[in-house]
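Here is how the chains run, residue by residue.
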Amino acid sequence: FDELKQELQDVLAQELERTGNQRQRMVEESNLGLEQATNRIELINEKLRQEEKRRTDEEQRRYNKAEHVRQLLSELADLVAVAESCGEKLKEAVQPLEAAVLTVD
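A brief structural summary. (Residues numbered from 1 in each chain as written. Predicted model: local features only at pLDDT ≥ 70, side-chain atom pairs only at ≥ 80, totals over all residues. Heavy atoms only, no water.)

1. Here we look at the overall build of the chain
Across its full length, the chain carries two helices and zero strands. For 105 residues, the compact-globule formula gives about 13 Å, and the C-alpha radius of gyration of the chain, at 39 Å, lies well above that figure. A total of 105 residues make up the chain; the buried ones form 4% of that total. As displayed, the chain offers around 9500 Å² of accessible surface, 56% of which is attributable to carbon and sulfur atoms. Charged side chains in the chain number 16 positive and 24 negative. The centres of these two groups are separated by 5 Å. (Helix = DSSP H or I, 4+ residues; strand = E, 2+ residues; numbered from the N terminus. Rg over C-alpha atoms; globule rule 2.2 N^0.38 Å. Buried < 20%, exposed > 50% of the residue type's maximum accessible area, 1.4 Å probe, protein only. Areas by Shrake-Rupley, 256 points an atom, 1.4 Å probe, with all protein chains shown as cover. Lys, Arg positive; Asp, Glu negative; His and termini not counted. Charge placed at Lys NZ, Arg CZ, Asp CG, Glu CD.)

Set out below in C-alpha cells:
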C-alpha cells in the first residue's frame, strides 16, 4: 500500500501542473480516495487480527480440552487399577469363606 501511495503522490506531483483550475478538486478527490483506502485497509487488518485471535483462542481452548481429557483418562486408569486390585483382594478374602460353605454342605 505504501508503494501505491507513493506512486499516487509522484503522479499527482507531475500531473497537477497540467490540471489548471481542476487542481484543487483533484487534490481533494485524491486525498479523499487515499483516506478511504487507508480506512478500508485498517478495517481489513483489524478483521484479520480479530480472526487470528479467534483462531488462536480456539486452538488454546482445544488444547485445554485435550489436556483435560488426558488428565481424566489418567485418573480413570488409576481408578481401574485400584478397582482391579481391590477385586483380587476380595477374591482372596472370599476363598476361605467359599471353602467353608462347601464343606458344610
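Now, onward.
2. Focus: the pattern of salt bridges
Counted under the stated rule, the structure contains eight salt bridges. Between arginine 55 and glutamate 52 there is a salt bridge, and its shortest N-O distance comes to 2.5 Å. Placement of both arginine 55 and glutamate 52 in helix H2 (residues 23-104) is noted, with a separation of three residues, approximately one turn of the helix. Residue class for arginine 55 comes out partly exposed when judged on its relative accessible area of 35%. Residue class for glutamate 52 comes out partly exposed when judged on its relative accessible area of 39%. Two residues, arginine 55 and glutamate 59, come together in a salt bridge whose shortest N-O distance is 2.3 Å. Here arginine 55 and its partner glutamate 59 are both found in helix H2, four residues apart, which amounts to about one turn of the helix. Overlapping salt bridges, with partners in common, bring together Glu52, Arg55 and Glu59 in one network. (Salt bridge = Lys/Arg side-chain N within 4 Å of Asp/Glu carboxyl O.)

3. Describing a negative patch on the surface
On the surface, a cluster of negative charge is contributed by Asp2, Glu3, Glu7 and Asp10. Inspection of the secondary structure assignment puts aspartate 10 in helix H1 (residues 2-15). (Patch = residues over 30% accessible without salt bridge, like charges linked within 9 Å, V, L, I, M, F, W, Y side chains within 5 Å.)

4. Quick notes on the side chain of serine 30
Secondary-structure assignment places serine 30 in helix H2. Residue classification places serine 30 among the buried positions, given a relative accessible area of 11%.

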